[in-house]
Amino acid sequence: MVGSKWQSFGSWLLDKVPGCKEDARQFAQEHKWELLIVASSSYLAYKAIQLYRLPPGPYGIPCIGCLLNAEGFSDGSEQQKFKQKYGNIVSVQLGSDLQIWLNSADLIKEAFVNNTNEFSHRPDSLFRHSFKFQDDIISIPFDEEWKKSKKFLMSSLKNCGFGSGSLDVKVLSEADALIFRLEKLQKEAGDEGISLDEPLRWIAANLICQIIHSNHYEEDDPELKELMAMSEGKKITEHEATRTSSEPRDFIDAYLDEKAGPNLNYTKMIDNCIMFLPDSLDTLPLAIEWLVLYVARFPHTQTILHKELDDIVGRAREPQLKDKAKLNYLEACIVETYRLANIFSALLPHTVKREVRLAGYTIPRGASIHGNTIGINLDPNIFPNPLEFRPERHLDADGRFKPSEHVIPFGVGPRSCPGQSLSKMEVFLLAAKLFQTFQFDFPLNQDDSCLRGRLVGRRRRPKEHKIIVKKR
Ligand code: HEM
C-alpha cells in the first residue's frame, strides 16, 4: 500500500519535471548493470539482516553490555522490566554472555519440549563454574552420559520408594517427628513464635538419609551433621557389608548394584547422581515454610483449608497420597505458593550447540537460554493482582483444582527436575499432616512485606519470619 503510493508519487514527479522522464530513462539505460548490482546486494543485505535477527533487547554499553545492571538480574527485577518493554523473547548481553530470556510458558515449551535436541544442553562457561561439582547431572551436556545418569536416577529413586508407595510411609513418620519437635519449640518460645527453617531442614535431611541409606537421626545427632557435610563413605562401607545383590533397599544399594555391574563407565555416572540429592535440603524446607507463612497470614484461607482436611481426611487417620485427588484447596495453596514464592527466580540456564531459530529470531551458538519463570508468575495479564496469595485462581467454578499451564516451577522437557515427583509427594504429605494437626498464626505486628511477592535473589528464603504453632 505504502509502496504503491510512492510509485504514483514517482510517476507524478517524472511527469511534472520537464525532461526528467527522459533523463531518468537514459540514466537507467547507461547504468543498468550498476543499478542491478546495487538493487540485488541491497536485497541480499536485507535478507541477511532478517535471517540473523537477534531477539529485541537493551543496547547496553559496548564490550560489557548490561553488566552494570547485574544486581537486578539476580533478583529478577531487570527481567521483569525487559519482559514489559520487549515482549516474550529478549536478548541481553552481560559481559561475554549473550542471554536469551524466554518470557512465556508457551515459548519455553516450544524450546525445551518441541526442540529438545537443540535446546537441552547446559552452558559450560559461567554456569558450570558457579557449581561445586562440574560434572554432576545438572551441568553435563545433553548426551549419552546424561541420558544414562538420568535413567539410573529416576529408576533408583522409584525403586527406593517414591513410585511404589513405601516412601510416603517414611514421609509420614518424619512428619510425626516434626510435629513433636514443633510443639516442644513452641512451648519454649511462647508468644514470640518459632522459625520453621531449622526443624524443616532437619526433616529434609532425614528424608534424604531415608532415600540414600534408610536411617533416621535425632536433631542433635553428630552423624547427621557429618552426613549433611556430605561424607557418605562410611555408609557405603556399611552397605557393602549388609546388602543383597540386586535387591536395593535404598539409593546406596542401587549405586552398589550398578557399580558392581559390567559397565565401568557407570561408576562416574552414578557419582554424578549422588551429589545432587542434598538439593532437597534447601528446596523442601523453602516450599513448606512459604506455604505455612502464606496460609497463616490469611486466616480465611486457613479456615477453608482446615475444613477441607476435616471433611476429606478427618483428624483420626493419617492423610494419604490417594487423598490428593480430593484435597483441591490444599493443591491450589501449594501451586499458589510455587507461583508467588519463586523459590527459583528462573529455570536453570540451557544453551544451543549450533545456531538455531526460535519464534522468528536467531539464537546464536553458545547463547545461554533462560526460562523467566518469575516474569511469568508475576505477570498481571496472566494472574490479576499477581502479588496477592489467592489459591482460588487455581480452582474451577466447581472448586476443583485446575493446574495452570503457566506455573512451571520444575521446568519442562527432558532437562526438567527429576526430583519433581519426589518433591510434590513430600510437600503434599507434610503440608496435609501439618495443617491437619496445627493452627498456624502469624504473630501480630510482624512485618509481612516479604509475603507480598517482593523480588529477591535465587532461592528466596523467608529468614526473619516467625510463626505461632497451636495444636487444633
Ligand atoms: C521444590 C523443589 C524443587 C524445585 C522447585 C526444583 C526446580 C528445578 C528446576 C527449575 C530445575 C531446572 C529445570 C531446567 O533446567 O529447565 C531443576 C533441575 C534439577 N533438579 Fe530440581 N527442584 C526441586 C527439587 C529437587 C530435588 C528434591 C531433587 C533431587 C532429588 C532435584 C534434582 C534436580 C536435578 C538433578 C536437576 C538437573 C536436571 C538436569 O539437568 O537434567 N530437584 N530443578
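So, how was this worked out
Residues numbered from 1 in each chain as written. Predicted model: local features only at pLDDT ≥ 70, side-chain atom pairs only at ≥ 80, totals over all residues. Heavy atoms only, no water. Helix = DSSP H or I, 4+ residues; strand = E, 2+ residues; numbered from the N terminus. Areas by Shrake-Rupley, 256 points an atom, 1.4 Å probe, with all protein chains shown as cover. Phe/Tyr/Trp six-rings, centres within 6.5 Å; stacked < 30°, edge-to-face > 60°. Buried < 20%, exposed > 50% of the residue type's maximum accessible area, 1.4 Å probe, protein only. UniProt positions renumbered as here; feature names shortened; annotations may be inferred. Axes fitted to C-alpha atoms, helices over the stretch in contact; angles between N-to-C directions. Parallel < 35°, antiparallel > 145°, perpendicular 65-115°, else oblique. Contact = heavy atoms within 4.5 Å. Nonpolar A, V, L, I, M, F, W, Y, C, P; charged D, E, K, R; others polar. Near = heavy atom within 4 Å. Polar contact = N/O pair within 3.5 Å; in protein donor to acceptor, adjacent residues only side chain to side chain. Patch = residues over 30% accessible without salt bridge, like charges linked within 9 Å, V, L, I, M, F, W, Y side chains within 5 Å. Salt bridge = Lys/Arg side-chain N within 4 Å of Asp/Glu carboxyl O. Core = buried A, V, L, I, M, F, W, Y, C linked by side-chain atoms within 4.5 Å. Pairing = 2+ DSSP bridges. Expected span 1.5 Å × (residues − 1).

What follows deals with the overall build of the protein. Counting secondary structure elements, the protein contains 20 helices and 8 strands. Of the accessible surface of the protein, which amounts to about 23,900 Å², a share of 56% is contributed by carbon and sulfur atoms.

What follows concerns the packing of aromatic side chains. Throughout the structure, instances matching the rule amount to 8 aromatic pairs. Between Y294 and F389, the aromatic rings sit 4.8 Å apart at their centres with planes inclined by 10 degrees, giving stacked as the arrangement. With Y294 in helix α16 (residues 279-297) and F389 in the loop between α19 (373-377) and α20 (420-437), the pair connects residues that are 95 residues apart, well separated along the chain. Of the residues examined, Y294 reaches a relative accessible area of 0% and is grouped as buried. Owing to a relative accessible area of 6%, F389 belongs among the buried residues under this scheme. Between F298 and F389, the aromatic rings sit 6.3 Å apart at their centres with planes inclined by 10 degrees, giving stacked as the arrangement. Highlighted residues: F298 in the loop between α16 and α17 (299-312) and F389 in the loop between α19 and α20, separated in sequence by 91 residues. Judged by relative accessible area, which is 25%, F298 ranks as partly exposed. Through successive ring pairs, a cluster of aromatic residues spans W290, Y294, F298 and F389.

What follows deals with the UniProt feature "binding site: heme" (unreviewed entry) in the protein. The UniProt feature table records "binding site: heme" (unreviewed entry) at C417. Topologically, C417 is positioned in the loop between α19 and α20.

The relative placement of two packed helices comes down to the angle between their axes together with the axis-to-axis distance. Across the interface, α17 lies against helix α18 (residues 328-341) with an axial gap of 8 Å and an inter-helix angle of 140 degrees. One element, α17, and the other, α18, form an angle in the oblique class. Residues T301, I304, L305 and E308 of α17 form the contact with α18, whose participating residues are N328, Y329, L330 and C333. Residue composition of the contact of α17 with α18, grouped by class: 5 nonpolar, 2 polar and 1 charged.

A few words now on the site of the ligand. Around the ligand sit 23 residues, and of these R122, W146, H350, R415 and C417 come closest. A distance of 2.8 Å separates an oxygen atom of the ligand from a polar side-chain atom of R122. Side-chain polar atom of R415 to an oxygen atom of the ligand: 2.9 Å apart, as the coordinates give it. Of all the secondary-structure elements, those providing two or more residues to the shell around the ligand are α9 (144-162), α16 and α20. No other element matches the 3 residues that α16 contributes to the shell around the ligand. Within the shell around the ligand, the residues separate by chemical class into 14 nonpolar, 5 polar and 4 charged.

Another aspect to go through is a nonpolar patch on the surface. Side chains of I61, I64, L67 and L68 sit close together on the surface and give an oily, nonpolar patch of about 350 Å² of accessible area. Among the secondary structure elements, L68 is positioned in the loop between α3 (32-51) and α4 (70-74). With relative accessibility at 65%, the residue L68 sits in the exposed group.

Right, let's talk about the nonpolar core for a bit. Here is a general trend for soluble globular proteins: nonpolar side chains tend to be buried in one another's company. Counting 74 residues, the largest nonpolar core has F435, F440 and I467 as the members making the most contacts within it. Of all the secondary-structure elements, those providing two or more residues to this core are α9, α10 (167-189), α11 (197-213), α16, α17, α18, α20 and β7 (438-441). It is α16 that provides the largest number of residues to this core, a total of 12 residues.

So, about the pairing of strand β1 (residues 89-94). The element β1 is largely enclosed, with a buried count of 5 among its 6 residues. Direction of pairing for β1 relative to strand β2 (residues 97-102): antiparallel, over a ladder of 6 bridges. Considered in β2, the bridge of Q93 is made with L98.

For the rest of this paragraph, the subject is unusual backbone geometry. Positive phi outside glycine occurs at A359, with the angle close to 55 degrees. Within the secondary structure, A359 is located in the loop between β4 (356-358) and β5 (361-363). For A359, a relative accessible area of 47% corresponds to the partly exposed category. Positive phi is not limited to glycine here, since N385 has a value of about 45 degrees. Its relative accessible area of 42% is what places N385 among the partly exposed residues.

Positionally, K21 belongs in helix α2 (residues 20-30). Put simply, K21 and D197 are 176 residues apart on the chain and 84 Å apart in space, counted from C-alpha to C-alpha.

The next thing to look at is the sheet that holds strand β3 (residues 350-351). The sheet built from 4 strands is open, its strands ordered β1-β2-β6-β3 with mixed pairing. Of all the strands in the sheet, the pair left with one neighbour each is β1 and β3.

On to α20. Between its first and last C-alpha atoms α20 spans 26 Å; for 18 residues at 1.5 Å apiece the expected length is 26 Å, and the two agree. Here α20 lies mainly inside the structure; 15 of its 18 residues are buried.

The next subject is the pattern of salt bridges. Counted according to the given criterion, the structure contains 21 salt bridges. Across the pair R472 and D310 runs a salt bridge whose closest N-O atoms are separated by 2.8 Å. A residue pair is termed long-range when its members are at least 10 positions apart, and R472 in the segment after β8 (468-471) and D310 in helix α17 qualify at 162 residues. A salt bridge links K470 to D441; the nearest nitrogen and oxygen atoms lie 2.8 Å apart. Pair noted here: K470 is in strand β8 and D441 is in strand β7, with a separation of 29 residues, a long-range link. When its relative accessible area of 44% is taken as the criterion, K470 is described as partly exposed. A single salt-bridge network, built from bridges that share partners, covers D176, E318 and K433.

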